[in-house]
Every structure is written in C-alpha cells, then in structure tokens.
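Chain by chain, the residues run as shown.
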Amino acid sequence: MKYATARAPRYTSYPTAPHFQKGFPEATYRTWLARQDAAAPISLYLHVPFCRRMCWYCGCSMKLARRYGPVSDYLDSLLAEIDLVTGTMPGRQRVAHVHWGGGSPTVLSSGDLSMVMKTLHRRFAVLSDAEIAIEIDPRTLSDELIAVLGGEGFNRASLGVQEFDPKVQTAINREQPFPMVAQATSGLRDAGVSAINFDLMYGLPFQTTAMLSRTVDMAVGLRPDRIALFGYAHVPWMAKNQRMIPEDALPNAAERLEQSEVAAERLVSHGYRRIGLDHFALPDDPMAGPARLRRNFQGYTTDTADTLIGLGASSISALPQGYVQNVTETGAYARAVRDGVLPVVKGRVLDDDDRLRRSVIERLMCDLEVDLVEEAQRFGAQPDYFEPEMARLSDLQDDGLVVISDRCVVITEAGRPVMRAVASVFDAYLNVEGARHSKIA
Ligand code: SF4
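If you're wondering where the values come from, they're calculated on a predicted model, not measured in any experiment.

What should I look at first to understand the overall build of the protein chain in this one?
Within the protein chain, the regular secondary structure consists of 14 helices and 20 strands. Whereas a compact globule of 441 residues would reach a radius of gyration of roughly 22 Å, the protein chain reaches 21 Å, a difference of no more than 12%. Dimensions of the protein chain, computed from the C-alpha atoms along their principal axes, are close to 60 × 50 × 40 Å. Relative to all contacts within the protein chain whose residues are 6 or more apart in sequence, the contacts with residues 24 or more apart total 72%. For the protein chain, the exposed area adds up to about 17,900 Å²; of that, 51% sits on carbon and sulfur atoms. Side chains of the protein chain give 48 positive and 54 negative charges; the mean places of these two sets differ by 5 Å.

What should I look at first to understand the pairing of strand β14 (residues 308-311) in this one?
In regular strands, side chains alternate between the two faces of the sheet. A two-sided burial pattern is seen for β14, the buried positions comprising L308 and G310 on one face and I309 and L311 on the other. Bridge analysis of strand β2 (residues 42-48) against β14 gives 4 bridges, and the strand direction is parallel. Within β14, the residue paired with Y45 across the bridge is G310.

I would appreciate a short explanation of the packing of aromatic side chains in the present structure.
A ring pair, where both rings are aromatic, is described by two values, the distance of the centres and the angle of the planes. Counted under the stated rule, the structure contains 9 aromatic pairs. Judged by centre distance (5.3 Å) and plane angle (20 degrees), the ring pair of F20 and Y323 falls under stacked. Here F20 is found in the segment before β1 (21-22), whereas its partner Y323 is found in strand β16 (residues 322-326), with 303 residues between them in sequence. Residue F20 shares its accessibility class with Y323, and that shared class is buried. Consider the rings of F24 and W32, whose centres lie 5.5 Å apart with planes at 55 degrees: the pair is tilted. Taken individually, F24 and W32 each receive the classification buried, so the pair is uniform in this respect. What links up through ring pairs into an aromatic cluster is the set F20, F297 and Y323.

How should I be thinking about the domain arrangement of the protein chain in this particular structure?
Size of an interface, as often reported, equals the accessible area lost when the parts are brought together. Looking at the assigned domains, one finds that the protein chain contains domain 1 (17-308) and domain 2 (352-424). Look at where the C-alpha atoms of domain 1 and domain 2 centre, and you get two points 29 Å apart. With 11 residues of domain 1 in contact, the opposing surface of domain 2 contributes 11 residues. Between domain 1 and domain 2 lies a buried interface of about 960 Å² when both sides are counted; carbon and sulfur atoms form 52% of it.

Parameters and conventions
Residues numbered from 1 in each chain as written. Predicted model: local features only at pLDDT ≥ 70, side-chain atom pairs only at ≥ 80, totals over all residues. Heavy atoms only, no water. Helix = DSSP H or I, 4+ residues; strand = E, 2+ residues; numbered from the N terminus. Rg over C-alpha atoms; globule rule 2.2 N^0.38 Å. Contact = heavy atoms within 4.5 Å. Areas by Shrake-Rupley, 256 points an atom, 1.4 Å probe, with all protein chains shown as cover. Lys, Arg positive; Asp, Glu negative; His and termini not counted. Charge placed at Lys NZ, Arg CZ, Asp CG, Glu CD. Buried < 20%, exposed > 50% of the residue type's maximum accessible area, 1.4 Å probe, protein only. Pairing = 2+ DSSP bridges. Phe/Tyr/Trp six-rings, centres within 6.5 Å; stacked < 30°, edge-to-face > 60°. Domains from an automatic or database assignment. Buried area = accessible area lost by both parts, 1.4 Å probe.

See the structure below:
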C-alpha cells in the first residue's frame, strides 16, 4: 500500500516525456531522419487529436470536433507532414507497423481515412504482413467506416470500453451500452479486422469492485484477443476536464488496488495471460509469446522496429538517436508544415547512460526481470554499474516486491502492481526536474 500512493512514470519511454528539452532543433531531427537505415522496417504512428465528445476522465491531448472542417484541415497538414518526412528519409522506407491513435481516429470520414491510407502506401513500402491498427470509439464507428477498415487492410482494433455500468458511464460522460460494443466487435471481425483489443478501467467515479467484475465478465464474453486494464489517473491540475469528476466519488487507494487485483484474477480465470503491468492476452495472441514484448508510447507492443515515426500534432517519434515531439497546438502544427518545417518542439538526444537505463527499465516493465550485469556489458559499462541501485532496492526486497540475486532483479507477483516503483529506482531523472506523475496503482 505504501507504494500504491507513490507517484511514478508509466515508462512508455525513457527518459520520459516531461524530460524532453524544449526548443529541440528541427535540423537535428532532419539529420536523424536522413540517416535512417533504408533497409530496416520502421513503424508509423498517426495522431488524430479530435473527438466528438469529451470524456471527463480523458488525459489525452484532444480537441472537440463539432464540425468536420477543422478535421479536414488537419488532414491536409498531416499529408504535408508525411511529404516532409518521406522527403527527408532515404528511399521508400519499409513499414512493419501502422498505428492510428488519438483522440478518436474514428471521427474521420471513411473517404478521408481511405485517402490517407492510400497516401501511406504510396510514400512508404507498407509490408504485406504489417500490423495496421486503429483505436476505436464505438460511439463513432459507422458501418461505412468498418467496411473501409476491412478494405484498407486494418487487422487490429482497440476499442475504448472502460466500464459498462450506466452510473459510471454517466459520471465519466461516456455512454456506450454493451450492445453497441458487441455490435462494433462483431462488425469489425466480419470485415476482416480480426484482432480485437479492449481497454477497461478501474478507479473510476462510483465504480465498485462488483461493477468492474461484471464488466470484465461481459467483456470476456466477446473474447477480445487483448485486454488492457488501466487505472484512472486523476490529474486535474493537468487535465481540466477531470474537474467534472466528483473527487469524493473516486475509490480510495485500497479500493483501487482491490479493483485492479480482482479484475486481474478474473481475467486470468477466464484464460487470459497476464502481461506486464496492465495487459492480458489470450494464449494464442503474439503478446502472450513467443514475441518479445516492448514498450512504446501506446503501451505494450510486439513491434520490434527501432524507429517509430510519429505523425500529427503532439505525436512523439523514437529513433535510435533519441526522441522528438511535435507541437501540440493544431494551428502551430499546420503553420509549421505549411512552411516546410518539421513541426518538432521538444526532444531528447540519448546518451549511453540513457540507452542502458532505458533497456533495464523496459525489461523490468515487460519481463518483470532483468540481468543487470548482462545489460551493463551489452552497453559497454562495468558489471557493477548498478551497485547504487541494488542498494536502493533493499526496501522493496524487504517488502517482498523484488527478489535480488548477484546480478538479477526479479519482480514478484506481489510487486507486479507497483513495478513502476521498481523501475523508477533506475530512473536517473526522477525528481531531478520535479515532474509530477500519476499514482502507481
Ligand atoms: S474518446 Fe478517448 S481521447 Fe476522446 S475524449 Fe474520450 S478518452 Fe479522450
């Protein structure tokens, strides 16, 4: 419990985004793109920062799309950015993974979604076995859009489900009854989008363990391949919309922990394998093995590409040399790409220490164990590089959350819910610049 109320990053990158430097030079990103290995497949992330309605729990960078005009204008900018990026990279890059996120990519018209996909195929060599995934708001999924997703080769869809209880849905301003989700799921499968992910959430206002258990049972009845179970992060100082959530209706730390553990046990009893911090996968899903699990800005992934190009406002790119983030404000994004400038505003050049710590943190977050000597040697460091961290882990070991041998750190099942606390021991930036993060459980 003492770790559950602590705050730590989710480690979808290391260093984490609050430690990216402002005013990152566009020229540096251009150089990184130009030096990309032409033979190595890359991944693409396309961000659509629009939604038709705002969920009160939302912590994303999004805008309300009351009219389609701004969405259409944004797509013009997105196409311009694709031109800029592909004009800078060597040759027609092979692409192994495309992920559409937001916001809600399903606010796009079916014609526009199809047009951007065709542009991607022209400007990149999208591999025939590429994973093409999209995040879906079931409330904005039309039959027409489903048909286009199937026709354009989408093969994975993530549906925001969160919780089926009507009282909770009203409190979070996201009303989507079970039949709507069931219909979206079967429609997608019928169209050939065969891999389905659901996002569920605990720690929501008025939510009880019994409600979440019922939601888990209903969700499992639709047999999604993967389920992500996220804790609601109440950070109203960052996301003003969260002020609409009555704080006194939120479960306390002990209730959150119980909700997450009961839901996890229930998912496992339904045949799902527990993956990392918050994911569950059917045994035949690649995430359940033998694929090597990775962590990126979308969470857990089986994507192994070393380069992820983020396209769109606020999106983050990860390249072997470091990270860059695009400007969030859509007006500034549009002006930059119109002027032929890559719209980056923040970034971080990785040094050797960053790369080594990034790898250690990623292995802990994905595998729940890491061989520190092997990692240190792989990055050319001394075998005892992490002596200070080993000493700092002793409290966690005393509490039964990790087991430490000569060279290995293993997170126990009791430690799984607070693995961010374990990973944070290896974070050289934590508390240095005073970034605020969400609670651990
Ligand atoms: S649909 Fe997703 S991105 Fe849009 S407001 Fe809701 S939570 Fe935020």
